[in-house]
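Take a look at the letters that make up each chain.
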Amino acid sequence: MQDLAGKHLVLGLTGGIACYKSAELCRLLIKAGATVQVVMTDAAAQFITPVTMQALSGRAVYTSQWDVREANNMPHINLSREADAIVLAPCSADFAARLAQGRTDELLSLMCLARPIGRVPLLVAPAMNREMWAHPATQRNLAQIQADGAVLMGVGSGLQACGETGDGRMLEASELLEDITTFFQPKSLAGQHVLVTAGPTFEALDPIRGITNHSSGKMGFSIARAARDAGAQVTLVAGPVHLPTPRGVRRIDVLSADEMLGATLAASQTATVFVATAAVADWRPASHSEQKIKKDGSGKPPVLHFVENPDILHTIAQGERAKSGRLFCVGFAAESENLVEHAKAKRERKGIPLLVGNIGPLTFGQDDNSLLLVDAHSVRELPRAPKLQLARELVLEIAARLPERTLE
Ligand code: CTP
């Protein structure tokens, strides 16, 4: 997915062993559609060669403000003016100190100070030993550069190259890519609390077995991520799926429809948008056997009785918050045929303003899908695309339908 298409980034490397991760970051940024101009300090060049970064970025690397390749001999002006952002990864403790003081004795710091501050954001990924990270001087410097308008991307925790364990590792390249992508997304849901249900439910028959259905959870997780990227606070109530939690999203794991209803009802008290993507089992066994149900030797299968599960979406859509317009509800419909008719009928039956239809067998477990958006006035198709891209489009559609300000 080309989330960074059309973006031009200056990737600045300063001295630190985390420079080895910057090679991968450069590759990921380019894969995401960005063009990347690498600028390195002398210390960075001790850890990884400009040749490596040139090969990965497809552009000659800049290391000196005296670079004669620039006709006006002003690389700090030329390179910063054409950038959509400067990303410092890794940013060493020393470089943070120099930024805090506004020093300009080599190209990268000179470029950071000379950038048009209102137009070219500075994204900073610190990397250092845990004692250096915890030192009051470092924390003071980072607070200062944040106050001066830089965006801090945080640090990871764990085993460090020096053998010590703690905070201060540079985030992984994939995490930095996620943060950079998020930074560029329009904040269409800022101030909203989005609640998403995702995945299947599992209705236990006995301690060994149960009934469930096909749902990878990918669409719901993509919506949670897209909503977070759009600036919302996000709660994700997830059935049993093996997917990583999008960073910054509050995840509540549940198994059965009853558990999902409980967690969803609780979170809906403060939510302003509810998106129900979960494939909730319609029925559950009427009784749950404490022990494994054994074969009795007669050759006859056991007779199973089922009761209907609560309809989570319907329950919440009929609640006081939704009825008074403080909670905007969106449903999904997995159908196998006649999508338009079924989706229209289901929207009315569930009493919700927006329903998203899809053909179940064409989406289960896939990374892409196509969606049909049905509201009271229109039917609109979002053509086949990666689920995250569809989720971003859906988020914009939801944002456009929200009241001016959702009241608490
Ligand atoms: N849903 C829910 N709780 C249920 C069943 C469904 O919250 N017990 C939600 C789903 O998350 C989805 C929407 O309702 O947003 C429609 O789900 P779907 O399974 O397509 O429809 P059903 O209501 O089960 O209707 P049918 O089985 O007749 O198609």
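Anything mentioned here points back to the structure above.
If you're wondering where the values come from, they're calculated on a predicted model, not measured in any experiment.

Participant: Even after reading the chapter, I still don't get the pattern of salt bridges, so can you show me in this structure?
Facilitator: Oppositely charged side chains may form a pair once their charged atoms are brought near each other. Summed over all chains, the structure comprises 26 salt bridges. The partner of R98 in a salt bridge is D105, and the shortest N-O contact between them spans 3.1 Å. Accessibility expressed as a relative area gives 44% for D105, which makes it partly exposed. Put simply, D3, E178, R225, R228, D229 and R392 are held in one network by salt bridges that share partners.

Participant: Even after reading the chapter, I still don't get the packing of aromatic side chains, so can you show me in this structure?
Facilitator: The geometry of an aromatic ring pair comes down to the distance between the two centres and the angle between the two planes. Overall, the coordinates contain 1 aromatic pair when judged by the stated rule. Lying over the aromatic face of Y62, R69 brings its terminal NZ or CZ to 4.3 Å of the ring centre.

Participant: In this structure, what is going on with helix α8 (residues 136–147)? I would like to understand it.
Facilitator: The α-helix advances 3.6 residues per turn, and as a result positions three or four apart in sequence lie on the same side. The end-to-end C-alpha distance of α8, which contains 12 residues, comes to 16 Å, matching closely the 16 Å that a straight helix rising 1.5 Å per residue would cover. Of the residues making up α8, those classed as buried are T138, N141, L142 and I145. End-on, the buried residues of α8 take up no more than an arc of 95°, which puts them together on one face. Residues P136, R140 and A147 are exposed on α8 and point more than 90 degrees away from its buried face. The elements touched by buried residues of α8 are α5 (93–101), β4 (122–126), α7 (130–134) and β5 (151–152). Looking one or two places after α8, you find G149, whose phi comes out positive at around 110°.

Participant: Is there a simple way to explain the sheet that holds strand β18 (residues 368–375) in this structure?
Facilitator: On the basis of which strands lie adjacent, the open sheet formed by 8 strands has the order β12-β11-β8-β13-β16-β17-β18-β19 and mixed pairing. Of all the strands in the sheet, just β12 (250–253) and β19 (379–386) have a single pairing partner and so form its edges. Taken over all neighbouring pairs, the strand axes of this sheet differ in orientation by 20° on average, direction set aside. Taken together, the 4 bridges between strand β13 (residues 273–276) and strand β16 (residues 328–335) define a ladder with parallel strand orientation. If you follow V275 over to β16, its bridge partner there is V330. Its contacts with the sheet put helix α11 (residues 257–268) on β8 (193–198), β11 (233–238), β12 and β13, and the angle it makes with β8 is roughly 170°. Strands in contact with helix α14 (residues 339–350) are β16, β17 (354–359), β18 and β19; relative to β17, the strand with the most contacts, it is inclined by about 150°.

Participant: How should the nonpolar core be read in this particular structure?
Facilitator: Soluble globular proteins tend to bury their nonpolar side chains together. L189, V194, V275 and I398 are the most contacted members of the largest nonpolar core, which has 36 residues in total. No other element matches helix α16 (residues 387–401), which puts 7 residues into this core. Core analysis: the next-biggest nonpolar cluster, separate from the first, contains 33 residues, A23, M40, L123 and A127 among them.

Participant: How should the site of the ligand be read in this particular structure?
Facilitator: The full set close to the ligand counts 16 residues, and A276, A278, L313, K346 and K350 are the nearest of them. Between I312 and the ligand, the recorded distance is 3.0 Å, taken from a backbone N or O atom to a nitrogen atom. Here an oxygen atom of the ligand and a backbone polar atom of L313 are 2.8 Å apart. For the ligand, whose unbound accessible area comes to 570 Å², protein coverage reaches 78%. Looking at the shell around the ligand, the elements that each hand over two or more residues are α12 (312–317), β16 and α14. Tallying contributions element by element places β16 first for the shell around the ligand, with 4 residues. The class makeup of the residues in the shell around the ligand is 9 nonpolar, 2 polar and 5 charged.

Calculation notes
- Residues numbered from 1 in each chain as written.
- Predicted model: local features only at pLDDT ≥ 70, side-chain atom pairs only at ≥ 80, totals over all residues.
- Heavy atoms only, no water.
- Salt bridge = Lys/Arg side-chain N within 4 Å of Asp/Glu carboxyl O.
- Buried < 20%, exposed > 50% of the residue type's maximum accessible area, 1.4 Å probe, protein only.
- Phe/Tyr/Trp six-rings, centres within 6.5 Å; stacked < 30°, edge-to-face > 60°.
- Lys NZ or Arg CZ within 6 Å of the ring centre and 35° of its normal.
- Helix = DSSP H or I, 4+ residues; strand = E, 2+ residues; numbered from the N terminus.
- Expected span 1.5 Å × (residues − 1).
- Arc of directions from axis to C-beta.
- Contact = heavy atoms within 4.5 Å.
- Pairing = 2+ DSSP bridges.
- Axes fitted to C-alpha atoms, helices over the stretch in contact; angles between N-to-C directions.
- Core = buried A, V, L, I, M, F, W, Y, C linked by side-chain atoms within 4.5 Å.
- Near = heavy atom within 4 Å.
- Polar contact = N/O pair within 3.5 Å; in protein donor to acceptor, adjacent residues only side chain to side chain.
- Areas by Shrake-Rupley, 256 points an atom, 1.4 Å probe, with all protein chains shown as cover.
- Nonpolar A, V, L, I, M, F, W, Y, C, P; charged D, E, K, R; others polar.

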